[in-house]
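Per-entry structural report
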Amino acid sequence: MSAARATRFLRACRGQEVDRTPVWLMRQAGRYLPEYRATRAQVSGFLKLCQTPELACEVTLQPLRRFDLDAAILFSDILTVPHAMGMELDFLEGEGPVFSSPLRQASDLQRLGQPDPEQELRYVMDAVRLIRHELDGRVPLIGFAGSPWTLACYMIEGRGSRDFLHAKSWLYSDPESLEQLLDRLVQALVAYLRAQATAGAQALMLFDTWGGTLSTPAYHRFSFTPMQRVIAGLRAAPESVDLPIIVFSKGGSNWLELMANSGANVIGLDWTIEINAARKRLGKSVAVQGNLDPIALYGQSALLRAEIERILCANAGRPGHIFNLGHGITPQTPIDNVELLVETVHAWNGCNNDSVYEEY
Ligand code: 1CP
């Protein structure tokens with residue numbers, strides 16, 4: 001067991017020096033892996049996979065058997081929380097998640113309960129405990145949840161969307177009741193993430209996939225502020241007070257100065273901004289995670305390697321960089337290129353044109 005591998009990711013989250021840049025990949029377990037598809041075929045649906053701790057543990061570990069990754073991420077989904085709040089959820093083949101009775105007006109909020117994480121979401125906590133046991137300290141385990149805004153998007157739309165017509169018209173017609181929904185999600189998420197920490201998660205990540213669809217004032221009020229409250233709730237609890245927290249708003253590079261004050265240790269970056277520019281705006285108190293375009297993994301290997309090195313050079317060896325994609329890995333990704341990515345990141349030993357990047 002390598003002591004460096006066991007601590008590299010957590011050290012980078014805290015901005016400490018590391019022997020080499022840690023790397024993990026959003027959605028590192030999933031359909032691009034044949035062994036995932038085989039495990040998935042053993043159960044009747046995706047939700048069942050999440051609800052069976054032994055299988056959730058198995059798919060969490062699959063990418064780690066293939067690649068020299070520096071962290072594991074709990075296999076689950078962000079939508080287990082609205083499901084536990086009482087919303088019926090199906091994952092339809094070829095379509096993705098669907099809530100059959102989405103929230104459409106303020107009175108619908110009465111349907112929502114506050115789940116007890118060790119009851120309604122016990123299967124997640126059992127999976128965390130089992131994964132920690134199986135990992136046996138080799139690499140740290142990341143727990144996660146969706147951001148309040150991103151969960152509200154699915155709860156209101158009922159499914160994925162291009163324009164978030166229902167969620168955003170609610171925002172512009174009855175912002176107070178939308179805030180009530182977000183408040184309830186903040187409460188549920190603090191309890192859920194605290195329970196993950198107690199069960200053994202060693203870092204926590206908030207996925208704000210749809211924050212970037214908002215105007216600047218709307219992002220501030222409906223995406224950022226509720227996330228900041230989730231983080232404050234975690235910082236106030238003994239089990240999560242010191243855990244590294246990662247916040248990722250896809251499309252959020254407009255708001256980096258704000259995000260630097262979220263209370264998170266690490267800010268996730270999509271691929272639209274250069275790390276050196278991002279770090280200049282974020283300041284020295286936070287680390288960054290990202291930011292390869294996941295579609296670069298479909299490219300020619302020499303160009304992929306160049307893209308990875310460009311990102312590493314943009315960070316220029318500063319502590320506090322976790323290599324990752326700018327969003328989740330997609331189902332047709334060639335596995336060889338994933339291997340090439342991990343190897344390239346770990347083999348990197350500095351670039352010769354550091355000086356082109358201004359000190360921040
Ligand atoms: O068919 C299948 O096997 C289901 C595909 C799948 C997978 C592998 C879904 C359905 N969820 C997951 C796992 C998952 N989801 C993880 C696992 C851990 C990992 O390896 O990273 C995580 C962290 C998530 C988080 C998640 N779910 C997000 C946030 C991150 C992101 O990608 O933006 C979102 C938006 C979801 C919703 C969701 N769940 C599944 C799908 C296809 C979707 C997207 C729906 C849409 O908007 O179109």
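Note that the structure is predicted; figures quoted are calculated from it, not measured.

Another point: the site of the ligand. Arg27, Tyr36, Tyr154, Thr209 and His327 are the nearest of the 23 residues found near the ligand. Side-chain polar atom of arginine 40 to an oxygen atom of the ligand: 2.8 Å apart, as the coordinates give it. Look at the ligand: alone it shows 900 Å² of surface, and the protein chains cover 88% of it. Partitioned by chemical class, the residues of the shell around the ligand number 14 nonpolar, five polar and four charged.

If you look at the biggest cluster of nonpolar residues, it comprises 136 residues, and the most contacted ones within it are Phe9, Leu181 and Leu341. For this core, the element with the highest residue contribution is helix H9 (residues 175–199), accounting for 13 residues.

Here we take up the pairing of strand E6 (residues 245–249). Burial runs high along E6: five of the five residues are buried. Alternating residues of E6 divide into Ile245, Val247 and Ser249 and Ile246 and Phe248, and every residue in both groups is buried. The pairing of strand E5 (residues 203–208) with E6 spans five bridges and is classified as parallel. If you follow leucine 206 over to E6, its bridge partner there is valine 247.

Another aspect to go through is the state of the cysteines. By the definition in use, this model includes one disulfide. Here cysteine 313 pairs with cysteine 351 through a disulfide, and the sulfurs are 2.4 Å apart. Here cysteine 313, found in helix H13 (residues 301–315), pairs with cysteine 351, found in the segment after helix H14 (335–347); they are 38 residues apart in sequence, far enough to count as distant. By relative accessible area, which is 9% here, cysteine 313 ends up buried. Distance from the sulfur of cysteine 57, which forms no disulfide, to the nearest cysteine sulfur (cysteine 50) is 13 Å.

Next up on the list: H14. Counted at 1.5 Å a residue, the expected span for H14 with its 13 residues is 18 Å, and the 18 Å between its end C-alpha atoms agrees. Burial in H14 covers these residues: Ile335, Asn337, Val338, Leu340, Leu341, Val342, Thr344, Val345 and His346. On the buried face of H14, the contacting elements are helix H1 (3–13), helix H2 (34–40), helix H4 (53–66), strand E8 (287–292), H13 and strand E9 (321–325).

Okay, unusual backbone geometry next. With the exception of glycine, the majority of residues adopt a negative phi angle, and the majority of peptide bonds are in the trans configuration. With an omega of 0°, the peptide bond between glycine 290 and asparagine 291 qualifies as cis. If you trace the backbone, asparagine 291 turns up in strand E8. A positive phi angle, near 55°, is found at alanine 316, a position not held by glycine. With respect to the element layout, alanine 316 can be found in the loop between H13 and E9. Overall, alanine 316 belongs to the partly exposed group, its relative accessible area being 22%.

Moving on: the side chain of arginine 8. When you line up the elements, arginine 8 lands in helix H1. Aside from chain neighbours lying at most four places away, what touches arginine 8 is Val18, Asp19, Arg20, Thr21, Pro22, Asp70 and His346.

Below, the discussion takes up the confidence of the model for the protein chain. Per-residue pLDDT for the protein chain averages 96, and the proportion of residues at 70 or more is 97%. This stretch, residues 355–360, has a pLDDT under 50; its non-local contacts, to residues over four places away or in other chains, come to twelve contacts.

Glancing now at helix H12 (residues 275–282). Inspection of H12 places Ile275, Asn276, Ala278, Arg279 and Leu282 among the buried residues, and these make up the whole buried set. For H12, the angular spread of the buried residues around the axis is 160°, confining them to a single face. Tucked inside the fold, the buried residues of H12 contact helix H11 (256–259), strand E7 (266–268), E8, H13 and E9. Two residues or fewer after H12 comes glycine 283, characterised by a positive phi angle close to 80°.

Interaxial distance between helix H7 (residues 148–157) and helix H8 (residues 165–173) falls to 7 Å at its minimum, and their mutual angle equals 110°. Between H7 and H8, the angle is such that the two are roughly perpendicular. Counted together, Trp149, Cys153, Ile156 and Glu157 of H7 and Leu165, His166, Ala167, Lys168, Trp170 and Leu171 of H8 form the full contact between these two elements. Within the contact of H7 with H8, the residues separate by chemical class into seven nonpolar, one polar and two charged.

If you walk through the whole model with that rule in mind, you get seven aromatic pairs. For the ring pair phenylalanine 46 and phenylalanine 75, a centre distance of 5.8 Å and an interplane angle of 75° mean the geometry is edge-to-face. Residue phenylalanine 46 is located in helix H3 (residues 46–51), and its partner phenylalanine 75 is located in the loop between strand E1 (72–73) and helix H5 (80–84); the two are separated by 29 residues in the primary sequence. For the pair phenylalanine 46 and phenylalanine 75, one class covers both residues: buried. Note on phenylalanine 164 and tryptophan 210: the rings are 5.0 Å apart at their centroids and 45° apart in plane angle, and the pair reads as tilted. With a gap of 46 residues between them, phenylalanine 164 in the loop between H7 and H8 and tryptophan 210 in the loop between E5 and helix H10 (216–235) connect regions that are remote in the sequence. Considered together, phenylalanine 164 and tryptophan 210 belong to a single accessibility category, that of buried residues. An aromatic cluster of three or more residues is present, and its members are Tyr36, Phe46, Phe75 and Phe91.

Scoring rules and cut-offs
- Residues numbered from 1 in each chain as written.
- Predicted model: local features only at pLDDT ≥ 70, side-chain atom pairs only at ≥ 80, totals over all residues.
- Heavy atoms only, no water.
- Near = heavy atom within 4 Å.
- Polar contact = N/O pair within 3.5 Å; in protein donor to acceptor, adjacent residues only side chain to side chain.
- Areas by Shrake-Rupley, 256 points an atom, 1.4 Å probe, with all protein chains shown as cover.
- Nonpolar A, V, L, I, M, F, W, Y, C, P; charged D, E, K, R; others polar.
- Core = buried A, V, L, I, M, F, W, Y, C linked by side-chain atoms within 4.5 Å.
- Buried < 20%, exposed > 50% of the residue type's maximum accessible area, 1.4 Å probe, protein only.
- Helix = DSSP H or I, 4+ residues; strand = E, 2+ residues; numbered from the N terminus.
- Pairing = 2+ DSSP bridges.
- Disulfide = S-S within 2.5 Å.
- Expected span 1.5 Å × (residues − 1).
- Contact = heavy atoms within 4.5 Å.
- pLDDT = per-residue confidence, 0-100.
- Arc of directions from axis to C-beta.
- Axes fitted to C-alpha atoms, helices over the stretch in contact; angles between N-to-C directions.
- Parallel < 35°, antiparallel > 145°, perpendicular 65-115°, else oblique.
- Phe/Tyr/Trp six-rings, centres within 6.5 Å; stacked < 30°, edge-to-face > 60°.

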